[in-house]
Amino acid sequence: GESVGLHLPTLSVQEGDNSIINCAYSNSASDYFIWYKQESGKGPQFIIDIRSNMDKRQGQRVTVLLNKTVKHLSLQIAATQPGDSAVYFCAESMDTGRRALTFGSGTRLQVQP
Amino acid sequence: NAGVTQTPKFRVLKTGQSMTLLCAQDMNHEYMYWYRQDPGMGLRLIHYSVGEGTTAKGEVPDGYNVSRLKKQNFLLGLESAAPSQTSVYFCASSTFGTSGRNEQFFGPGTRLTVL
């Protein structure tokens, strides 16, 4: 079946550096993408989303890039902080009645002081 | 405003036992979902509901049942627990939203161990 996946299972960065987390998706019909952050022992928290009619969206210290040609999504975190250490998931959905999300397997971000 | 809450937080069952996980949301959301998360993996959809009185199967529904008798509650039942159902279970809710955002709000999770 179609799925959302990630290139790197673990990413280690120095505090203050920029982080880039990548995600590949295979369902060309998906039109909505979300990045979630999950800290240890907690449920996922929304970070940023993007629709398929956009290729870039910026939030506070985060930017999501969407390349529909190669079905690639990335999350950029500027000036990474220790509090950014977590597992990051990308998720996709189609504008159907159930509005359910298909999640990737996650990337663990470790921020070194 | 508590958001999404889940009861219990932890549970240990023996094979063959039954239990019900309760999810409650106070945001008046139409949609509710149950996911399971296994170690090193993303969340997989078990069942979902698009409104009070309605339920539907997700990716991995076998061995689970659900009910949505009230809009704010979504119950997940295990009739005869199996070790393969050892997992962390997350409930989520979402609404239509005029912004187009399909943000799902997640509960803190229930860690279930089946021996």
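In this text, all values refer to a predicted model and were calculated from it rather than measured experimentally.

A. Local environment of the overall build of chain A. When helices and strands are tallied, chain A shows zero helices and eleven strands. Listing each helix as α and each strand as β along chain A from the N terminus yields β-β-β-β-β-β-β-β-β-β-β. Here chain A, with 113 residues, has 45% of them falling under the buried criterion. Residue pairs in contact within chain A that sit at least 24 positions apart in sequence constitute 53% of those at least 6 positions apart. Within the structure as shown, chain A displays about 5,400 Å² of accessible surface, and the carbon and sulfur contribution to it stands at 45%.

B. Representation of the pattern of salt bridges within the structure. All names here are of chain B. A full pass over the atoms with the stated rule returns five salt bridges over all chains. Residues Asp38 and Arg36 are paired through a salt bridge, measuring 2.9 Å at the closest nitrogen-oxygen approach. Arg36 matches Asp38 in its accessibility class, with the two residues each being buried. With its nearest N and O atoms 2.6 Å apart, the salt bridge here joins Asp38 to Arg44. Take Arg44: its relative accessible area is 25%, and that puts it in the partly exposed class. When salt bridges with common partners are traced through the structure, they connect Arg36, Asp38 and Arg44 into a single cluster.

C. View of the side chain of Ser19 of chain A. All names here are of chain A. Following the sequence through the fold, Ser19 ends up in strand β3 (residues 19-25). Given a relative accessible area of 1%, Ser19 falls into the buried group. A polar atom in the side chain of Ser19 sits 2.7 Å from the side chain of Thr80. Aside from chain neighbours lying at most four places away, what touches Ser19 is Leu11, Val13, Leu75, Gln76, Ile77, Thr80 and Leu109.

D. Main features of the state of the cysteines. Scanning the entire structure with this criterion turns up two disulfides over all chains. Here Cys23 of chain A engages in a disulfide with Cys90 of chain A; their sulfurs sit 1.9 Å apart. Handedness of the Cys23 of chain A-Cys90 of chain A disulfide follows from its S-S torsion of about 55 degrees: it is right-handed. Pair noted here: Cys23 of chain A is in strand β3 and Cys90 of chain A is in strand β9 (residues 86-93), with a separation of 67 residues, a long-range link. Here Cys23 of chain A falls in the buried class, since its relative accessible area comes to 1%. For Cys23 of chain B, the disulfide goes to Cys91 of chain B, at an S-S distance of 1.9 Å. Disulfide Cys23 of chain B-Cys91 of chain B: torsion about the S-S bond near -75 degrees, hence left-handed. Note that Cys23 of chain B is positioned in strand β3 (residues 19-25) and Cys91 of chain B in strand β9 (residues 87-94), a separation of 68 residues in sequence. Like Cys23 of chain B, the residue Cys91 of chain B is buried in the burial classification.

E. Structural view of the packing of aromatic side chains. In the structure shown here, the tally under the stated rule is eleven aromatic pairs over all chains. Ring geometry for Phe89 of chain A against Phe103 of chain A: centres 6.4 Å apart, planes inclined by 85 degrees, an arrangement best described as edge-to-face. One end of the pair, Phe89 of chain A, is in strand β9; the other, Phe103 of chain A, is in strand β10 (residues 102-103), and 14 residues separate them in sequence. The same class applies to Phe89 of chain A as to Phe103 of chain A, namely buried. Arranged with centres 5.7 Å apart and planes meeting at 40 degrees, the rings of Tyr35 of chain B and Phe106 of chain B form a pair that is tilted. Taken together, the residues span a long stretch of sequence, with Tyr35 of chain B in strand β4 (residues 31-37) and Phe106 of chain B in strand β10 (residues 105-106) at a distance of 71 residues.

F. Region of interest: the confidence of the model for chain B. For chain B, per-residue confidence averages 92 on the pLDDT scale, and residues scoring 70 or more make up 96% of the total. The spread of mean pLDDT over the elements of chain B runs between β10 of chain B, the lowest at 93, and strand β8 (residues 73-78) of chain B, the highest at 98.

G. Just the sheet that holds β3 of chain B, in detail. All names here are of chain B. A sheet is described by the order of its strands in space; here four strands give the open sequence β1-β3-β8-β7, paired in antiparallel fashion. Each edge of the open sheet is held by one strand with a lone partner, namely β1 (4-7) and β7 (65-67). Within the sheet, the average angular offset between the axes of one strand and its neighbour, ignoring direction, is 20 degrees.

Rules used in this analysis
- Residues numbered from 1 in each chain as written.
- Chains lettered and ligands numbered in written order.
- Predicted model: local features only at pLDDT ≥ 70, side-chain atom pairs only at ≥ 80, totals over all residues.
- Heavy atoms only, no water.
- Helix = DSSP H or I, 4+ residues; strand = E, 2+ residues; numbered from the N terminus.
- Buried < 20%, exposed > 50% of the residue type's maximum accessible area, 1.4 Å probe, protein only.
- Contact = heavy atoms within 4.5 Å.
- Areas by Shrake-Rupley, 256 points an atom, 1.4 Å probe, with all protein chains shown as cover.
- Salt bridge = Lys/Arg side-chain N within 4 Å of Asp/Glu carboxyl O.
- Polar contact = N/O pair within 3.5 Å; in protein donor to acceptor, adjacent residues only side chain to side chain.
- Disulfide = S-S within 2.5 Å.
- Phe/Tyr/Trp six-rings, centres within 6.5 Å; stacked < 30°, edge-to-face > 60°.
- pLDDT = per-residue confidence, 0-100.
- Pairing = 2+ DSSP bridges.
- Axes fitted to C-alpha atoms, helices over the stretch in contact; angles between N-to-C directions.

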